[in-house]
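Now for the letters of each chain:
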Protein chains: 2
Amino acid sequence: MPRSEAGSRDRTVGIKQVALHAGVSAGTVSNVLNRPERVAAETRARVEQVIKELGFVRNGSAASLRFGHGRTIGLMMLDLGNPFFTEMARGVEDLMSEREYGVILCGSAGQELREERNMRMLAEQQVRGVLVTPVNDNRDSLALLRERGIPTVMLDHAATRADQCSVTVDDVTGGHLAASHLLERGARDIVFVGGPLTTRQNADRRAGALRALREAGHGTLREMIVEEMTSRAGDEAAEHLLAELPDAIFCANDLLAMGVLRLLLQQGVRVPGRVLLIGYDDIEYARASAIPLTSIRQPPYKLGQIAAELLLDECDHPGSHVHQQIMFQPELIVRESTSR
Amino acid sequence: MPRSEAGSRDRTVGIKQVALHAGVSAGTVSNVLNRPERVAAETRARVEQVIKELGFVRNGSAASLRFGHGRTIGLMMLDLGNPFFTEMARGVEDLMSEREYGVILCGSAGQELREERNMRMLAEQQVRGVLVTPVNDNRDSLALLRERGIPTVMLDHAATRADQCSVTVDDVTGGHLAASHLLERGARDIVFVGGPLTTRQNADRRAGALRALREAGHGTLREMIVEEMTSRAGDEAAEHLLAELPDAIFCANDLLAMGVLRLLLQQGVRVPGRVLLIGYDDIEYARASAIPLTSIRQPPYKLGQIAAELLLDECDHPGSHVHQQIMFQPELIVRESTSR
DNA sequence: CTGTTAGCGCTTTCAG
DNA sequence: CTGAAAGCGCTAACAG
């Protein structure tokens, strides 16, 4: 008789108590909750009244067990320390909250291991679907979900095949935009400071920059790959560059650029006088920085929102849903850091 | 015969299939999962082997239904657009991820209604506990959880009674620190720019500032209450102040301060030359801004981490757990925006 | 339109 | 140390 384990939760109000108080059966209460149109208006009103009085809250786990999935989605972000990603998360959360879904937030911090651990956790939680900014192109952790029939939408990462939705910004073009701009401003010796090239964002931005140089027929790209894409890492990168300053520095995100900027100014290197500097993402803080930062703008909030909508569409209309690969175009925002 | 509804999830590997393949019973598999020490080493190894082979992932909903709670916690944040809060969220996520818990992220955006809706959703999800930065002192939405025996820890908000844990920073002292500093630098006509005073953070920071003025015996505090604590709101506030510029502006957070700063500089008002400016939170971007911002530092990541630990302690050791109200002291960080 | 009933997958006594 | 069986709260099929 497993009754003693109830702990402090003895007085849980279930669908049964509601049924009892309303003088109907549990099935009817369930109908009021899930298919109200099938219940007589009068009965429904009475049940709803009792629900309110008793402060009944549906047990999501039970429903989830029955349905095979719950009212939550997973959100795997690459870097929760970057405003670009937290803005994306905000876009997702706003939309999901409106639709009465819970968002389980996960940060991989760029580590494949952590990504996989979190994916397994999400599968356990029976999430309805997952939004993911993957660490790299290794599809193992996604496979874990696909096997179990959990829809996934790629965020800020293009789907390599057409078997799923994705919402991205064209990073190759972004990189091209950045490098072209630097070349136009007269830079020839350019340094690219970015994170691991196994992460698509870095690889693409670099590739775009290289293409710009090739097309222009001049200019060279030195590379500096850092572990983390933080302003601290930017500091360190800049320190190494002091020995042989380039004409311009292209950072794969604004956090890095802000770190680079800080160290350069502190060392008395004039920006943009001596070195041009361009970032990526155009986070809110880029324009407010010591030397307002030229950057490549992306719309993170919108990316999050649209990805969330695509995911819900796939969940709610698995029949009619068609996978879409949406790609936004980035925009060059010129500010003082490249205005000689 | 409710069998046809399986959809794409026909081949779900349950504890039963594992049991079958391993030649044991479901109960034993469950024991391997939850109390491995009660299973013979050899049996355990065999079961674990099968689990791996079959790619079995435990159904969290079922476990949750049985236990009365799941392996997730709720995180209610006041403002997901503010790096202070997202850093706090990162602290929480890092710790919870380590402990194999899922974090359901909710943003109230300062709206009581949204807070309550989210709380109900969290209760439905059978979260193990909730970390909350409440919109105001209205305890209704908390009551919803307490009734159901869901532990809550207040984050960046002191518990008014000793019936729960809380982790805060002393905002009265913070406000005092800020105003004292401005007075010391010679300001007399000070403006406080902040969000609604129903939100404790704003009320306390203002109260601290008033106390500082009172103690000093000189200085006046004009007030400007804005709807949202964003840099855009800071812009607008500053615009209104142009007509009658004060000696100094104390913003209730750095986002506001950055907005104020932007508008002032754009209008040719020298900072700190004409107006002293101080923010609050000391977000990473405060020191990198056009005029590095004097601010009041708080340790958001640590707050999140500690709150998460307190919550888990309460969940895992309900017997021995003692509620703690932890309060950190803020720190004045002087930078150029107040260095005449 | 409403009641009855059979599980969803897992955990946990209780027997063996 | 392992197996059998009951039941967590809810939903959906079916009968009335």
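Treat the numbers as computed from the prediction; the structure is a model and nothing was measured.

Asks: Could you give an account of the relation of the copies chain A and chain B, with specific residues and numbers?
Replies: Both copies of the chain are placed relative to one another by a rotation about an axis and a shift along it. Superposing chain A onto chain B takes a rotation of 180 degrees combined with a translation of 0.0 Å along the rotation axis, leaving an RMSD of 0.1 Å. Here the two chains are linked by the operation of a two-fold rotation axis. Comparing interface residues between copies, 100% of those in chain A also lie at the interface in chain B; the contact surface is shared.

Asks: Which residues make up unusual backbone geometry, and what are the values?
Replies: Here the amide bond leading from A:Val271 into A:Pro272 is cis, since omega sits at 5 degrees, within 30 degrees of zero. If you trace the backbone, A:Pro272 turns up in the loop between helix H11 (254-266) and strand E9 (276-278). Positive phi is not limited to glycine here, since A:Asp156 has a value of about 60 degrees. As for its placement among the helices and strands, A:Asp156 is situated in the loop between strand E4 (152-155) and strand E5 (165-169). By relative accessible area, A:Asp156 is classed as buried at 0%. In this model, B:Glu100 sits at a positive phi of 65 degrees, which is unusual for a non-glycine residue. By relative accessible area, which is 39% here, B:Glu100 ends up partly exposed.

Asks: Outline the sheet that holds E9(A), listing residues and values.
Replies: Residues and elements named next belong to chain A. Read from one edge of the open sheet, 4 strands run E7-E6-E8-E9, paired in parallel fashion. Two strands close off the open sheet at either side, each with one partner strand: strand E7 (220-225) and E9. With strand direction ignored, the average angle separating the axes of adjacent strands in the sheet is 20 degrees. Note: strand E8 (residues 248-251) against E9, 3 bridges, orientation parallel. Each residue of the ladder has a partner; that of Ile249, found in E9, is Leu277. Taken strand by strand, helix H8 (residues 171-184) contacts strand E6 (189-194), E8 and E9, and its axis lies near 170 degrees from that of E8. Here helix H10 (residues 231-241) sits on the sheet and contacts E6, E7 and E8; the angle it forms with E7, its principal contact strand, is near 130 degrees.

Asks: Provide a residue-level description of the nonpolar core, including the pertinent values.
Replies: If you look at the biggest cluster of nonpolar residues, it comprises 157 residues, and the most contacted ones within it are A:Leu131, A:Val193, B:Leu131 and B:Val193. What B:Val193 contacts, discounting residues up to four positions off in sequence, is B:Met224, B:Val226, B:Ala237, B:Leu241, B:Ile249, B:Phe250, B:Cys251, B:Ala252 and B:Leu256. Of all hydrophobic cores here, the second largest spans 32 residues; its members include A:Ile150, A:Met154, B:Val57 and B:Ala123.

Asks: Go over the domain arrangement of chain A with me, naming the residues and quoting the values.
Replies: Residues and elements named next belong to chain A. Per the domain assignment, the segments making up chain A are domain 1 (15-58), domain 2 (72-169 + 300-328) and domain 3 (171-298 + 332-338). Averaged C-alpha coordinates put domain 2 and domain 3 at centres separated by 28 Å. If you look at the interface, domain 2 gives 15 residues, while domain 3 gives 12 residues. Buried area between domain 2 and domain 3, summed over both chains or domains, comes out near 1100 Å², and the portion from carbon and sulfur atoms is 51%. Among the residues of domain 2 in contact with domain 3, Pro83, Phe84 and Val169 are the three that bury the most area, contributing 38% of the side total. Put simply, domain 2 and domain 3 have 0 salt bridges between them. Here domain 2 and domain 3 share 5 residue pairs in polar contact (both at pLDDT 80 or more) between them. Listing elements by their share of the side of domain 2 that touches domain 3, those giving two or more residues are helix H5 (83-98) and E5. A breakdown of the residues in the side of domain 2 that touches domain 3 according to their chemical character gives 7 nonpolar, 6 polar and 2 charged.

Asks: Residues and numbers for the protein's contact with DNA strand D, please.
Replies: The immediate surroundings of DNA strand D are formed by 23 residues, with A:Ile15, A:Arg66, B:Ser25, B:Thr28 and B:Thr43 found nearest. Sugar plus phosphate, as a fraction of atoms of DNA strand D within 4 Å of the protein: 74%. In the environment of DNA strand D, a phosphate oxygen lies 3.2 Å from a nitrogen or oxygen atom belonging to the side chain of A:Asn34. At 2.9 Å, a side-chain N or O of B:Thr28 approaches a phosphate oxygen of DNA strand D. It is helix H4 (residues 60-67) of chain A that provides the largest number of residues to the surface near DNA strand D, a total of 4 residues. Partitioning the surface near DNA strand D into residue classes produces 9 nonpolar, 9 polar and 5 charged.

Asks: Please set out the sheet that holds strand E3 (residues 129-132) of chain A residue by residue, giving values where relevant.
Replies: With mixed pairing, 12 strands are arranged side by side in an open sheet as E11(A)-E5(A)-E4(A)-E3(A)-E1(A)-E2(A)-E2(B)-E1(B)-E3(B)-E4(B)-E5(B)-E11(B). Single-partner strands in this sheet number two, and they are strand E11 (325-328) of chain A together with strand E11 (325-328) of chain B. Between one strand axis and the next, the sheet turns through 20 degrees on average, direction left out of account. Two elements, strand E1 (residues 72-77) of chain A and E3(A), share 4 bridges in a ladder whose sense is parallel. When the bridges of E3(A) are listed, A:Leu75 appears paired with A:Leu131. Sheet strands in contact with helix H7 (residues 140-147) of chain B are strand E3 (129-132) and strand E4 (152-155) of chain B, and its direction is about 150 degrees off that of E4(B).

Asks: Lay out the protein's contact with DNA strand C with the relevant residues and their values.
Replies: Near DNA strand C there are 25 residues, and of these A:Ser25, A:Thr28, A:Thr43, B:Ile15 and B:Arg66 occur at the shortest range. Protein-proximal atoms of DNA strand C, defined as those within 4 Å of the protein, fall in sugar or phosphate at a share of 71%. At a separation of 2.5 Å, a phosphate oxygen of DNA strand C approaches a polar backbone atom of B:Ile15. Within the side chain of B:Arg58, a nitrogen or oxygen atom sits 3.5 Å from a phosphate oxygen of DNA strand C. Of all the elements in the fold, those that place two or more residues in the surface near DNA strand C are helix H2 (26-34) and H4 of chain A together with helix H2 (26-34) and helix H4 (60-67) of chain B. It is H4(B) that contributes the most residues to the surface near DNA strand C, 4 residues altogether.

How each quantity is defined
- Residues numbered from 1 in each chain as written.
- Chains lettered and ligands numbered in written order.
- Predicted model: local features only at pLDDT ≥ 70, side-chain atom pairs only at ≥ 80, totals over all residues.
- Heavy atoms only, no water.
- Least-squares fit on C-alpha atoms with pLDDT ≥ 70 in both.
- Contact = heavy atoms within 4.5 Å.
- Helix = DSSP H or I, 4+ residues; strand = E, 2+ residues; numbered from the N terminus.
- Buried < 20%, exposed > 50% of the residue type's maximum accessible area, 1.4 Å probe, protein only.
- Pairing = 2+ DSSP bridges.
- Axes fitted to C-alpha atoms, helices over the stretch in contact; angles between N-to-C directions.
- Core = buried A, V, L, I, M, F, W, Y, C linked by side-chain atoms within 4.5 Å.
- Domains from an automatic or database assignment.
- Buried area = accessible area lost by both parts, 1.4 Å probe.
- Salt bridge = Lys/Arg side-chain N within 4 Å of Asp/Glu carboxyl O.
- Polar contact = N/O pair within 3.5 Å; in protein donor to acceptor, adjacent residues only side chain to side chain.
- Nonpolar A, V, L, I, M, F, W, Y, C, P; charged D, E, K, R; others polar.
- Near = heavy atom within 4 Å.

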